[in-house]
Amino acid sequence: MARGKLRIYLGAAPGVGKTYAMLSEAHRRVERGTDCAVGVVEPHGRARTELMLHGLEVVPRREVAYRGALFPEMDVDAVLARRPAVALVDELAHTNVPGSRNAKRWQDVEELLRAGIDVVSTVNIQHLESLGDVVETITGVRQRETVPDEVVRRADQIELVDMSPQALRRRMAHGNICSPDEVDAALSNYFRPGNLTALRELALLWVADRADEYLQEYRGEHGIRATWQARERIVVGLTGGPEGRTLIRRAARLAEKGAGGEVMAVYVARSDGLTAASPEELALQRTLVEDLGGTFHHVIGDDIATGLLEFAGGVNATQVVLGSSRRRPWQYVFGPGVGVTVARESGPDLDVHIVTHEEAAKGRGRGLPAARSAALLGRTRVVAGWVVGVVCPALLAILLTHVDADPGLANEMLLFLALTVAAALLGGLYPALASAAFGSLLLNYFFAPPVHRLTISDPKNIVAIAVFFGVAVSVASVVDLAARRTHQAARLRAESEVLSFLAGSVLRGETTLDALLERVRETFAMESVVLLERDGDRESWRPAGSVGPHPAARPEEADVDMPIGEGMALALSGRVLPAEDRRVLGAFAAQAAVVLDRERLRGEAEEARRLAEGNRIRTALLAAVSHDLRTPLAGIKASVSSLRSDDVEWSEEDRAELLEGIENGADRLDHLVGNLLDMSRLQTGTVTPLIREIDLDEVVPMALGGVPEDSVVLDVPETLPMVAVDPGLLERAVANVVENAVKYSPAHEPVLVAASHLGDRVEVRVVDRGPGVPDEAKERIFEPFQRHGDAPRGTGVGLGLAVARGFTEAMDGTLAAEDTPGGGLTMVLTLRAAPRGRATAPDRGLEPLPAGPAGSTGPAGSTGPAELAGPAARPAEPTDPIRPVRQKAGPP
């Protein structure tokens, strides 16, 4: 029986319309005469979704008993018995009630597919198993209901149901996704614009990768070698030379010109491993291309041009970037070069860019001299090689001449050849060549007739000794080359590990100068390391940073110095480094200069910011003193002068009114001066919070004493965890925010102060129905001395929200402004939950809803805020939900 086909509607978040799209597809198929049946669809009370079920056959669900309650699940046997051509199965990641036939709904779908039934299903991106940690980081909600990625990848067709975050939030606000009493909590928790944007990007990228896999499979199945320019893929051919960095940057600029451009750097190495490429330079180029968002590839091929073109064709590249040849003009007699060959054989669909650079036509760097390569083996090995190559052949000749038995010329030649190979293994090429020459002379003089003469009578012996010398030299060359390559590989591996660590430390942010210098000292086993820079007179030096005892005061006093430009040097004391170690030391020196510049720029930027902020504060303070403080003082003085006047006889009512004016003016002055003092404390960094664990319901009501009665509705559930805050600072911050909300909220619309729990954070939301604040002004209202819009002078100096944010951040919290659904402004104060806080609710073994009411729990991995936990939706303990306490604010 042929396996059924699976079609999946993939969405970025609940409510984008996956189920609706699935039902629309079912109606289209029914109109074409296809036999369709609904295995299970979860409308979640959405009227338009329920309307789409009309006209479709629904297979009755079966009820599963669990903990004394009945829960409906898809009846797999009934669907198999009905055997429709197409079955609709909603929510692929759903977890079945314990006691069901399968643990997961996707396993039910597998049974239907094996039975030859086509299935149309839905799933959200957050339910893919590989993205669980990513989604938890973004939303703060751990999805326990997941589906293996491979199940979704095996689908015959995946269709993305997309919707912008703004449109989805509008649908939510209009009540098209969940009930009205759940809208505010959903919009402020899971359905935040940032969460939705990140989830949408995950969905788009996942589908794009899947589409790319489909494309590669199709091209492979149909043998298509031509380039399909679905997106710009730029291949950079690297040789290991210094021009590679120029090519990579050029390719990155080309990729930026088109949407979705991708850079792939490739180095083609010969299969025998013999190459003049610099591993250190390749390591630097790998780091550069990865920093620019590209990828590095190392492929093997005897012909560089062919290997490069095969790689470009395999990845469906559209452009190839190569550097101008470094060969000298006379070297072109050996062939046209890689660039010309690639350009000639690339075909019409692959553009080839030849980029000029400073190293063009300067020739390739030659390999290490023989003497230097021998020195790399170490003095002891070289001496041992000369002993074996020169002394041992003489000893062998003496031994063989005093042995009665004649082993024969062939065996004697093999013995001398063994000594030559041993000399090559120990000392390199030169001891082996000396051994071959000396051994040939000994064979000729002592063993080839006529003996004790340097002549050979038998032509066969001439050929034998000549072959001996040739084989000895060849074997010695190969053995020497292998030994040097092994030594170089071990050394370069150590260098690459150091460079990799250096690059990794930069990516991880471990970029302090002291840490970098300490790493240099450890790497090269030095006593001290110092970064020196010239003073203003250009004659003396001063240390910018140092580690270890007794650092050098000048570069010439150190054992090793590495210049960095004209005004800096890295000086190391302890021992003299070999020349080859300076390559890695140069990378460390360059990074030290970058780190020093970065630290100074950061300090200068901070100093400039503090100066600018101080100037702005002083200017605003003068303006506040000149008007906002003088206004209440003028009112107080006028009232006092009136009361002291003997010319007017004041009535009791007038006297009371003047006294009330004096009291109000004094209160305003006290409030303004208090905010000014708080702001000055924040500016000078003298606010030191005393953090302790406390319940919100002990602090928030105390902050509402300064607002009119019945102007605030308080909603702080008793089940919230404790928060780690300074109670005094928190009370002041909440009081400022609430007073601001009451000031701008209509008289008939009380301000809502609600608290909720999200991950390891507790949120306090102050919701008003006032005129609101545009997006571009939401950050400015937290700046000192800012009044939004046309707020009249005399309503305050604009410090209340600035002080509130400063106190909140001092407690490791945040204060931000959001739009209130339906109009108004919501201030979101996020605090850190105490580690030993109370649990938010009894553990029912179920997962919290991504978008339910703040602090509530719901079914694991459910796909919308309408799917609230309850006896009719999912199994749960028979317990009454805990209702939040609602009370009107008044004097504490």
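Note on numbering: residues in each chain are counted from 1, in written sequence order. Owing to the predicted nature of the model, reporting of local features is limited to residues with pLDDT of at least 70; listing and counting of side-chain atom pairs is limited to 80 or more, with chain, interface and lining totals taken over all residues. Heavy atoms throughout the structure, all of them, feed into the side-chain values; hydrogens and water do not.

Chemist: Tell me what's going on with the overall build of the chain, and back it up with residues and numbers.
Modeler: Counting its secondary structure elements, the chain contains 24 helices and 25 strands. Here the accessible surface of atoms and residues is derived via Shrake-Rupley with a 1.4 Å probe, and residues count as covered only by protein chains that are part of the display. Surface exposure of the chain reaches about 44,500 Å², of which carbon and sulfur atoms provide 55%. Labels follow the DSSP assignment, with helices taken as runs of H or I lasting at least four residues and strands as runs of E lasting at least two, numbered in each case from the N terminus.

Chemist: Mind laying out unusual backbone geometry, listing which residues take part and the relevant values?
Modeler: A positive phi angle, close to 55°, is found at H550, a residue other than glycine. Its place among the elements puts H550 in the loop between β15 (541–547) and β16 (560–564). Of note in this structure, D812 is not a glycine but carries a positive phi near 65°.

Chemist: Help me get a handle on the sheet that holds strand β17 (residues 568–573), residues and values and all.
Modeler: At least two DSSP bridges between two strands are needed for those strands to be called paired. An order of β15-β14-β17-β16 is seen for the 4 strands of this open sheet, with the pairing classed as antiparallel. Sheet topology places β15 and β16 at the edges, where each strand pairs with a single neighbour. Neighbour-to-neighbour, the strand axes of this sheet turn through a mean angle of 20°, independent of strand direction. Pairing analysis gives 6 bridges linking strand β14 (residues 528–534) to β17, with the strands arranged antiparallel. Its bridge partner being in β17, V529 is matched across the sheet by L572. Working convention: axes come from line fits to C-alpha atoms, limited for helices to the stretch in contact. Angles between N-to-C directions cover 0 to 180 degrees.

Chemist: Hey, could you go over the side chain of T49 for me, with residue numbers and the actual values?
Modeler: On the secondary structure map, T49 appears in helix α2 (residues 47–52). With sequence-adjacent residues up to four places away left out, T49 is seen in contact with T19, L23 and P43. We call two residues in contact when some of their heavy atoms are within 4.5 Å.

Chemist: So what's going on with the pairing of strand β4 (residues 62–66)? Which residues, and what values?
Modeler: Sheet topology places β4 next to strand β5 (residues 69–73); 5 bridges connect them, and they run antiparallel. If you follow R62 over to β5, its bridge partner there is E73. Where β4 folds back on β5, the antiparallel hairpin that results is connected by 2 residues, among which R67 adopts a positive phi of roughly 55°.

Chemist: I'd love a proper account of a nonpolar patch on the surface, names of residues and values included.
Modeler: Side chains of V383, W386, V387, V390, V391, L395, I398 and Y430 sit close together on the surface and give an oily, nonpolar patch of about 690 Å² of accessible area. The greatest single-element share of the nonpolar patch, amounting to 7 residues, is contributed by helix α15 (residues 379–401). Each patch is built from residues that are more than 30% exposed by relative accessible area and take part in no salt bridge. Like charges join if they lie within 9 Å; nonpolar side chains (Val, Leu, Ile, Met, Phe, Trp, Tyr) join within 5 Å. Counted as salt bridges are all cases of a side-chain nitrogen of Lys or Arg within 4 Å of a carboxyl oxygen of Asp or Glu.

Chemist: Describe in detail the nonpolar core, supporting the description with residues and values.
Modeler: For our purposes a nonpolar core is just a set of buried Ala, Val, Leu, Ile, Met, Phe, Trp, Tyr and Cys residues, chained together by side-chain atoms within 4.5 Å. Only protein chains enter the accessibility calculation, which uses a 1.4 Å probe; a residue whose area is less than 20% of its type maximum is buried, one above 50% is exposed, and one in between is partly exposed. Membership of the largest hydrophobic core comes to 60 residues, with the highest contact counts inside it found for L88, L92, L112, I125, V147 and W206. Sequence-distant contacts of W206, that is, excluding residues within four places in its chain, are made with L10, I125, L128, D149, V152, R153 and I158. Formed by 44 residues, the second largest nonpolar core is a distinct cluster that contains V700, V716, A777 and A804.

Chemist: Residue-level account of the packing of helix α23 (residues 727–744) against helix α24 (residues 800–810), with values.
Modeler: Between two packed helices, the angle of one axis relative to the other and the distance separating the axes together describe the packing. Axis separation between α23 and α24 bottoms out at 8 Å; the angle between their running directions is 150°. The angle between the axes of α23 and α24 places the two elements in the roughly antiparallel class. Two packed elements cross with a definite hand, and for α23 against α24 that hand is left-handed. From α23, L729, R732, A733, N736, V737 and N740 reach across to α24, where they touch G800, L801, V803, A804, F807 and T808. In terms of residue class, the contact of α23 with α24 is made up of 7 nonpolar, 4 polar and 1 charged. Roughly parallel covers angles under 35 degrees, roughly antiparallel covers those over 145, roughly perpendicular covers 65 to 115, and oblique covers all other angles. Take the far helix as your reference; a near helix turned counterclockwise from it by less than a right angle gives a left-handed crossing, and one turned clockwise gives a right-handed crossing. For this scheme, ten residues count as nonpolar: Ala, Val, Leu, Ile, Met, Phe, Trp, Tyr, Cys and Pro. Four count as charged, namely Asp, Glu, Lys and Arg, and the remainder, Gly too, count as polar.

Chemist: Residue-level account of helix α5 (residues 132–139), with values.
Modeler: When α5 is considered as a whole, its buried residues turn out to be G132, V135 and T139. The buried side chains of α5 occupy one side of the element, clustering within an arc of 65° when seen end-on. In α5, the exposed residues that point more than 90 degrees away from the buried face are D133 and T137. One or two positions beyond α5, positive phi appears at G140, with a value near 80°. Arc definition: it is the arc formed by the directions from the helix axis to the C-beta atoms.

Chemist: How would you explain empty space enclosed by the protein if you had to name every residue and give the values?
Modeler: Residues are said to line a cavity or pocket when one of their atoms sits within 4 Å of a point; the points come from a 1 Å grid over protein atoms alone, cavities being sets where a 1.4 Å probe fits but cannot get out and pockets being open sets with protein on both sides within 12 Å along at least five of seven lines. Grid points are joined across faces, edges and corners, and a volume is the space filled by probe spheres set on the points. Enumeration according to the criterion identifies 2 cavities of 30 Å³ or more in this entry. Lining the largest cavity, in full, are A12, A13, V16, M163, S164, P165, L168, L196 and R200. Secondary structure elements with two or more residues in the lining of the largest cavity: α7 (165–173) and α9 (193–221). Taken together, the residues of the lining of the largest cavity sort by class into 7 nonpolar, 1 polar and 1 charged.

Chemist: Could you give me a rundown of the pattern of salt bridges, with the residues and numbers involved?
Modeler: Proximity of charged atoms lets side chains of opposite charge pair with each other. Tallied over the full model, the rule gives 24 salt bridges. Across the pair R7 and E159 runs a salt bridge, and its minimum N-O distance is 2.5 Å. Within this pair, whereas R7 is found in strand β1 (residues 6–11), its partner E159 is found in strand β8 (residues 157–161), the two being separated by 152 residues in sequence. The partly exposed category is assigned to E159, whose relative accessible area is 30%.

Chemist: If you had to explain the packing of aromatic side chains to someone new, which residues and values would you point to?
Modeler: Pairing of aromatic rings covers Phe, Tyr and Trp, the last counted by its six-membered ring, and requires centre-to-centre distances within 6.5 Å; plane angles under 30 degrees mean stacked, over 60 mean edge-to-face, and any other angle means tilted. As enumerated under the stated definition, the model contains 1 aromatic pair in all. For a lysine, the NZ atom is tested; for an arginine, the CZ atom; a charge sits over a ring if that atom is within 6 Å of the ring centre and within 35 degrees of the ring normal. We note R805 situated over the ring of F782; from NZ or CZ to the ring centre the distance is 4.0 Å.

Chemist: Residues and numbers for helix α16 (residues 409–427), please.
Modeler: To estimate how far a helix should extend, the number of its residues minus one is multiplied by 1.5 Å. Compared with an ideal rise of 1.5 Å per residue, which puts 19 residues at 27 Å, α16 spans 27 Å between its outermost C-alpha atoms and is within 8% of the ideal. Along α16, the residues that are buried comprise L409, E412, M413, F416, L417, L419, T420, A423, A424 and G427. Angularly, the buried residues of α16 cover 155° about the axis, an arc narrow enough to put them on a single face. In this structure, α16 carries A410 and L414 as exposed residues pointing more than 90 degrees from its buried face.

Chemist: Give me the lowdown on the packing of α16 against helix α17 (residues 429–447), citing residues and values where you can.
Modeler: Packing of α16 against α17 leaves a shortest axis separation of 8 Å and a crossing angle of 160°. As judged from the angle between their axes, α16 and α17 are roughly antiparallel. Handedness of the α16/α17 crossing: right-handed. Each of L409, E412, M413, F416, L419, T420, A423, A424 and G427 in α16 lies in contact with α17, whose residues at this interface are L429, P431, A432, S435, A436, G439, L442, L443 and F447. Across the contact of α16 with α17, the residue classes break down as 13 nonpolar, 4 polar and 1 charged.

Chemist: Describe in detail a negative patch on the surface, supporting the description with residues and values.
Modeler: Taken together, the side chains of E652, E653, D654, E657, E660, E663, D667 and D670 define an acidic patch exposed on the protein surface. Position of E657 relative to the elements: it lies in helix α21 (residues 652–684). Just so you know, the count uses Lys and Arg for positive and Asp and Glu for negative, and it drops His and the chain ends. By convention, the point assigned to a charge is CZ for Arg, NZ for Lys, CD for Glu and CG for Asp.

Chemist: Tell me about the sheet that holds strand β7 (residues 118–124), residues and numbers included.
Modeler: Strand order across the open sheet formed by 6 strands is β3-β2-β6-β7-β1-β8, with parallel pairing between neighbours. Edge positions in the open sheet fall to β3 (57–58) and β8, since each of these has one partner strand only. Judged from the 6 bridges that link them, β1 and β7 form a sheet pairing that is parallel. Looking at the pairing, G11 lines up with N124 of β7. Sheet strands in contact with helix α1 (residues 18–31) are β1, β2 (36–40), β6 (86–89), β7 and β8, and its direction is about 145° off that of β1. Against the sheet, helix α4 (residues 105–114) engages β1, β2, β6 and β7, with an angle of about 180° to β6.

Chemist: Residues and numbers for the environment of D162, please.
Modeler: Counting through the fold element by element, D162 comes out in the loop between β8 and α7. Judged by relative accessible area, which is 36%, D162 ranks as partly exposed. Sequence separation between D162 and Y9 is 153 residues, and the spatial gap between their C-alpha atoms is 10.0 Å. Counting of polar contacts relies on pairs of N or O atoms within 3.5 Å, with two restrictions inside protein: one atom must be capable of donating a hydrogen and the other of accepting it, and residues adjacent in sequence are counted only when both atoms are side-chain atoms. Reaching out from D162, the side chain makes a polar contact with the side chain of R200 at a distance of 2.9 Å.

Chemist: Outline the environment of P193, listing residues and values.
Modeler: Tracing the chain through its elements places P193 in helix α9. Each C-alpha atom, one on P193 and one on P165, is 5.8 Å from the other, the two residues being 28 residues apart in sequence. If we ignore the near neighbours within four places in the chain, the residues touching P193 are P165 and R169.

Chemist: Before we move on, can you summarise the confidence of the model for the chain with the specific residues and values?
Modeler: On a scale of 0 to 100, pLDDT captures the predictor's confidence in every residue. Per-residue confidence for the chain averages 75 on the pLDDT scale, and 72% of its residues sit at or above 70. Model confidence for the chain, summarised as mean pLDDT per element, is weakest for strand β25 (residues 886–888) at 37 and strongest for β6 at 93. Per-residue pLDDT stays below 50 along residues 790–795; that stretch engages in 11 contacts with residues further than four places along the chain or on separate chains. Note on residues 837–892: pLDDT is under 50 here. Beyond four places in sequence and across chains, it has 144 contacts.

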